[in-house]
Structures are given as structure tokens and as C-alpha cells.
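# An overview of the molecular structure
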Amino acid sequence: MKDVMPSPPTHIRSHDAAELIRRILPTLYAVDQHQPRATADAHYHPEATFQDPLVTVRGLKGLRRLIYVNRTFLRDCRIVFGDVAETIRPDGSHVVLADVTCTLVFKNFLPLRPWQMLVGDSFTYQSVHKVVLDENLKVTSHEEQYSLRSILDSAPVGRTLYALFRRVSGGCASDLGYMLNEYIAGDRSLGRGAR
């Protein structure tokens, strides 16, 4: 007997999840007062998790707090998409990987001035978002991964320190696109330990 992967429900076409992520990420990371929270409420499962290298939250309440932090410290947040890949798992859930360039524009707060003197009034970094959606296209897990190199390359002081570190250590290059390329090439594991 031949194993056949179940097809997605007829009301959800392949690549719907990828298109949804292209629509909701710019809104979710926006600094508007109401839209990001409404987007989280509409598209995230009540027990969804969000994780990046600095913070992990569970549930909509935690996600709303993160959104509030963006609105507090940022004047603008711009997202530009690179490659976006989608896979449908046998259980009907969708996994979307999105290569993103994000530019944060800071408000001029006195407590932020030392930081802004180092990195400037805006800060651009690259990240990969791994978003898992259930069969109803509700986000159950959202993980943003970015590399130290991407962060250091964004600031003049960081670029100098990184160049010095590479000369001393012999290099520790980390290609942010590596993970996305591995995924597209067929490595579907992409755990926390992936390069």
C-alpha cells in the first residue's frame, strides 16, 4: 500500500500561510497603537509562543506586552522580505520560514541616547522568522532568529569590533541565509541547534 500525504483542506490552498505571514509581520511589528494588537488577536492562537534570542513569551497577553514595548521605544519599523518558504506537515500544520530585513527607527528618548550614539537613530538587521500555523492558519509558534554578525554589522562601532574579532579569532562567519537554504534544500529539522 502506498503512503500518501494528506492534502490540505480545500478552503486552504498551498502557500496561503506564506502569504498570510507576508501580510501580518509588517503589521505586527508596526508601531501603530491598535493594529499590531488586533493582528495578534486575529491571527495568533491563544496559547501561541513567541521566541527570539533575548525573550520567550507564551500566550496573547505576553505577545501584547512585546508589541507595547515596540510602540514605546520605536518611531517606525520597516520590514523587507527576502525568500519565503512554506511546508505543510502531515498533521495539516504549516511551517513558514521568512528571510527578513528589519529597520528599527528609535524615538528620541534621553535614556536611549547612549544607545543611539553607538548605533544611530535607526538600526537594520537581518533575521529568519520560523512561524508554525495550525490547520486553521492560526499561529501556534513564532521564532525570530538573528545572528550576532547581523547585529554587529548594523552599527559602525559593531562593524569595527567584529572586524577586529575576526582578525584575532580567525573568523566565525555565520550566514543567515544558510538556514533558509538548508530548509529549501530538504533539511526539514531546523531545530534550535541549526546553524
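Treat the numbers as computed from the prediction; the structure is a model and nothing was measured.

Moving on: the nonpolar core. Side chains of a nonpolar character, in soluble globular proteins, are inclined to be buried together. Judged by nonpolar contacts, the single largest core of 32 residues is most densely connected at I21, Y29, Y44, L63, C102, L104 and L133. Setting aside its immediate chain neighbours within four residues, Y44 contacts I24, L28, T39, L60, L63, K138, V139 and H142.

What follows covers the packing of helix α1 (residues 16-28) against helix α2 (residues 35-43). At their nearest, the axes of α1 and α2 sit 8 Å apart, and the two run at 140° to each other. Residues L20, I24, T27 and L28 of α1 lie in contact with α2, whose contacting residues are Q35, P36, T39, A40 and H43. Class assignment for the residues of the contact of α1 with α2 results in 5 nonpolar, 4 polar and no charged.

Here the focus is the packing of α2 against helix α3 (residues 59-73). Packing of α2 against α3 brings their axes to within 10 Å, and their N-to-C directions diverge by 160°. Taken together, the axis directions place α2 and α3 in an arrangement best described as roughly antiparallel. The crossing of α2 and α3 is right-handed. Judged by residue contacts, P36, R37, A40 and D41 of α2 engage L60, L63, R64 and I67 from α3. Each residue belonging to the contact of α2 with α3 can be placed in one class, and the counts come to 5 nonpolar, no polar and 3 charged.

The next point concerns the sheet that holds strand β2 (residues 56-58). On the basis of which strands lie adjacent, the open sheet formed by 6 strands has the order β2-β1-β6-β5-β4-β3 and mixed pairing. If you trace the sheet from one side to the other, it starts and ends with β2 and β3 (74-88), each paired once. Taking each pair of neighbouring strands and ignoring which way they run, the sheet shows an average axis angle of 20°. Pairing analysis gives 12 bridges linking strand β4 (residues 94-106) to strand β5 (residues 122-133), with the strands arranged antiparallel.

Cut-offs and rules
Residues numbered from 1 in each chain as written. Predicted model: local features only at pLDDT ≥ 70, side-chain atom pairs only at ≥ 80, totals over all residues. Heavy atoms only, no water. Core = buried A, V, L, I, M, F, W, Y, C linked by side-chain atoms within 4.5 Å. Buried < 20%, exposed > 50% of the residue type's maximum accessible area, 1.4 Å probe, protein only. Contact = heavy atoms within 4.5 Å. Axes fitted to C-alpha atoms, helices over the stretch in contact; angles between N-to-C directions. Helix = DSSP H or I, 4+ residues; strand = E, 2+ residues; numbered from the N terminus. Nonpolar A, V, L, I, M, F, W, Y, C, P; charged D, E, K, R; others polar. Parallel < 35°, antiparallel > 145°, perpendicular 65-115°, else oblique. Left-handed = near helix turned anticlockwise from the far one by under 90°. Pairing = 2+ DSSP bridges.

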